[in-house]
Amino acid sequence: MTNTSLGKILDSACRSIQNQIGSGKVANYIPALARVDIKKFGAAILTLNGESAFFGDAYESFSIQSISKVFSLTLVLNQIGDKLWKRVHHEPSGNAFNSIVQLEMERGIPRNPFINAGALVLSDILLKDRTPEASIQTILNFLHEISGEGRIGINHEVAISELENAHRNASLVHFMKSCNNIENTVSDVLEVYCNHCSISMSCEELSRSMLFLAKEGFDPISNKRIISPELARRINSIMMLCGHYDASGDFAYRVGLPGKSGVGGGIVAIVPDVGVITVWSPGLNNNGNSLVGTSALEAIARISNWNIL
Ligand code: GLU
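Being a predicted model, the structure only gives us computed values, none of them experimental.

Caption draft 1: Here's a closer look at the overall build of the protein. Scanning the protein from terminus to terminus reveals 14 helices and 10 strands. Against the compact-globule benchmark of 19 Å for 309 residues, the protein has a radius of gyration of 18 Å, which places it among compact chains. Dimensions of the protein along its principal axes, counting C-alpha atoms only, are 55 × 40 × 35 Å. Looking at the protein residue by residue over its 309 residues, the buried ones come to 57%.

What follows is the structure, given as structure tokens:
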């Protein structure tokens, strides 16, 4: 495929959903996110062959929120490998991203690393032998390496807003600590988690940073192996089954690609052996996933005929 045909695919897909832009509701439980313009829309495709296509606000930074959990999962799998699965399962949750109910029934072992409880355990593991500041810096260094962009950082206004309103996440950590599934202090775990959720990146940067997942763990930007092929496949499987919380089945049905969403309105989808698509539209559906972003990815997958099935 050439840059022109890639551009045509992205253009016609994005134009087909243009009348939906502005739909959905911005996340309002984090006040700093409630102020984002709902009419923003961006998309970026980067391929392993070095081709690229962009649409709309593709270069504008936004709060990546739960998309950051893909990066923390990669770091944790490299740190402790399959031992992770003693503390977090890899099953779809069928529940909201911040649900408390299931965690009690399952004795403090989260269903998967992408629901909030699971990602909070990842933060706890990243804190092993590190201060909260060093753990956050480890995530940022990793992002700088895989994106080739040293300026990626945290939006401190969002981080403070998240920390001030982290009552539900705090209750998840407290409960898991009571089940002996958290080793560090509740406030240290929340500090790492809320800061990595508050990282700002553009669609272009996100697509670039996740190319290693389209290439079995090998990053074509830094020319380095980021993770083993086996673990890269596992991350993609978890994205396929758990990347969209209780709407993961609907996303797989409509898009057919492993993906991860965040309440900032971004979604990243991996096309194995081809490349990465990122879309951003801040209006969310009832499950906390970008409403227009999901439609855009559905259109891109349909027009390009990319799917893993
Ligand atoms: N920081 C958000 C939270 O903890 C992440 C949720 C999301 O992006 O889905 O609620």
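We are not done yet, so read on.
Caption draft 2: Representation of the site of the ligand in the model. In the region of the ligand, the neighbouring residues are Tyr29, Gln65, Ser66, Phe97, Asn116, Glu162, Asn169, Tyr193, Cys197, Tyr245, Gly262 and Val263. In this structure, a nitrogen atom belonging to the ligand sits 2.6 Å away from a side-chain N or O atom of Gln65. Between the ligand and Asn116, the relevant distance is 3.1 Å, taken from an oxygen atom to a side-chain nitrogen or oxygen of the residue. Considered on its own, the ligand offers 300 Å² of accessible surface; in the complex 99% of this is hidden by protein. The residue inventory of the shell around the ligand, partitioned by class, reads 6 nonpolar, 5 polar and 1 charged.

Caption draft 3: Molecular detail of the side chain of Thr278. The residue Thr278 is located in strand S10 (residues 275-280) in this model. Setting aside residues up to four positions removed in sequence, Thr278 forms contacts with Gly42, Ala43, Ala44, Cys203, Leu206, Ser207, Ile267 and Val268.

Caption draft 4: Summary view of the sheet that holds S10. Strands sit in the order S2-S1-S10-S9-S8 across an open sheet of 5 strands; the sheet is antiparallel. Two strands lie at the open edges of the sheet, namely strand S2 (52-56) and strand S8 (259-261), each paired on one side alone. In this sheet, adjacent strand axes meet at a mean angle of 10° when their direction is disregarded. Two strands pair when backbone bridges link them, and S8 and strand S9 (residues 266-271) are joined in this way by 3 bridges, in the antiparallel orientation. Looking at S9, one finds that Gly259 is bridged to Ala269.

Caption draft 5: The arrangement of the sheet that holds strand S4 (residues 153-154) in detail. The strand order across the open sheet built from 3 strands is S3-S5-S4, with neighbouring strands paired in antiparallel fashion. On the outer flanks of this sheet lie strand S3 (62-63) and S4, each paired with one strand and no other. Pairing analysis gives 2 bridges linking S3 to strand S5 (residues 199-201), with the strands arranged antiparallel. Paired with Phe62 across the two strands is Met201, which belongs to S5.

Caption draft 6: Highlighting helix H12 (residues 229-242). A rise of 1.5 Å per residue sets the reference length of H12, with its 14 residues, at 20 Å; its end C-alpha atoms lie 20 Å apart and thus fit the reference within 8%. Those residues of H12 that sit buried are Leu231, Ala232, Ile235, Asn236, Ile238, Met239, Met240 and Cys242.

Caption draft 7: Region of interest: unusual backbone geometry. The phi dihedral of Asn180 is positive, around 60°, even though this residue is not glycine. Mapped onto the secondary structure, Asn180 falls in the loop between helix H8 (167-178) and helix H9 (186-197). You can call Asn180 exposed: its relative accessible area is 72%.

Caption draft 8: Seen up close, the pattern of salt bridges. Applying the stated criterion across every chain, the model contains 14 salt bridges. Between Arg87 and Asp124 there is a salt bridge, with its nearest N and O atoms 2.6 Å apart. Placement of Arg87 in the loop between helix H3 (68-80) and helix H4 (101-105) and of Asp124 in helix H5 (residues 116-126) is noted, with a sequence separation of 37 residues between them. The buried category is assigned to Asp124, whose relative accessible area is 1%. Arg254 is paired through a salt bridge with Glu298; the nearest N and O atoms lie 2.9 Å apart. Separated by 44 residues along the polypeptide, Arg254 in helix H13 (residues 248-254) and Glu298 in helix H14 (residues 291-304) bring together distant segments of the chain. Classification of Arg254 as partly exposed rests on a relative accessible area of 26%. Judged by relative accessible area, Glu298 falls into the partly exposed class, the value being 24%. Within the structure, one salt-bridge network assembled from shared partners comprises Asp82, Glu230 and Arg234.

Caption draft 9: Representation of the nonpolar core within the structure. Phe71, Leu73, Leu84, Ile199, Met210 and Leu213 are the most contacted members of the largest nonpolar core, which has 68 residues in total. The contacts of Ile199, once residues within four sequence positions are left out, are Phe62, Ser63, Ile64, Ile139, Leu140, Leu143, Ile152, Gly153 and Ile154. With 26 residues, the next largest nonpolar core counts Ile17, Val255, Ala269 and Val279 among its residues.

Caption draft 10: Examining the packing of H5 against H9 more closely. Direction vectors running N to C along H5 and H9 enclose 110°, while the axes themselves pass 9 Å from each other. Relative to H9, the element H5 lies roughly perpendicular. Between H5 and H9 lies a crossing whose hand is right-handed. Residues Asn116, Ala119, Leu120, Ser123 and Asp124 of H5 form the contact with H9, whose participating residues are Val189, Leu190, Val192, Tyr193 and His196. For the contact of H5 with H9, the class distribution of residues is 6 nonpolar, 3 polar and 1 charged.

Calculation criteria
- Residues numbered from 1 in each chain as written.
- Predicted model: local features only at pLDDT ≥ 70, side-chain atom pairs only at ≥ 80, totals over all residues.
- Heavy atoms only, no water.
- Helix = DSSP H or I, 4+ residues; strand = E, 2+ residues; numbered from the N terminus.
- Rg over C-alpha atoms; globule rule 2.2 N^0.38 Å.
- Buried < 20%, exposed > 50% of the residue type's maximum accessible area, 1.4 Å probe, protein only.
- Near = heavy atom within 4 Å.
- Polar contact = N/O pair within 3.5 Å; in protein donor to acceptor, adjacent residues only side chain to side chain.
- Areas by Shrake-Rupley, 256 points an atom, 1.4 Å probe, with all protein chains shown as cover.
- Nonpolar A, V, L, I, M, F, W, Y, C, P; charged D, E, K, R; others polar.
- Contact = heavy atoms within 4.5 Å.
- Pairing = 2+ DSSP bridges.
- Axes fitted to C-alpha atoms, helices over the stretch in contact; angles between N-to-C directions.
- Expected span 1.5 Å × (residues − 1).
- Salt bridge = Lys/Arg side-chain N within 4 Å of Asp/Glu carboxyl O.
- Core = buried A, V, L, I, M, F, W, Y, C linked by side-chain atoms within 4.5 Å.
- Parallel < 35°, antiparallel > 145°, perpendicular 65-115°, else oblique.
- Left-handed = near helix turned anticlockwise from the far one by under 90°.

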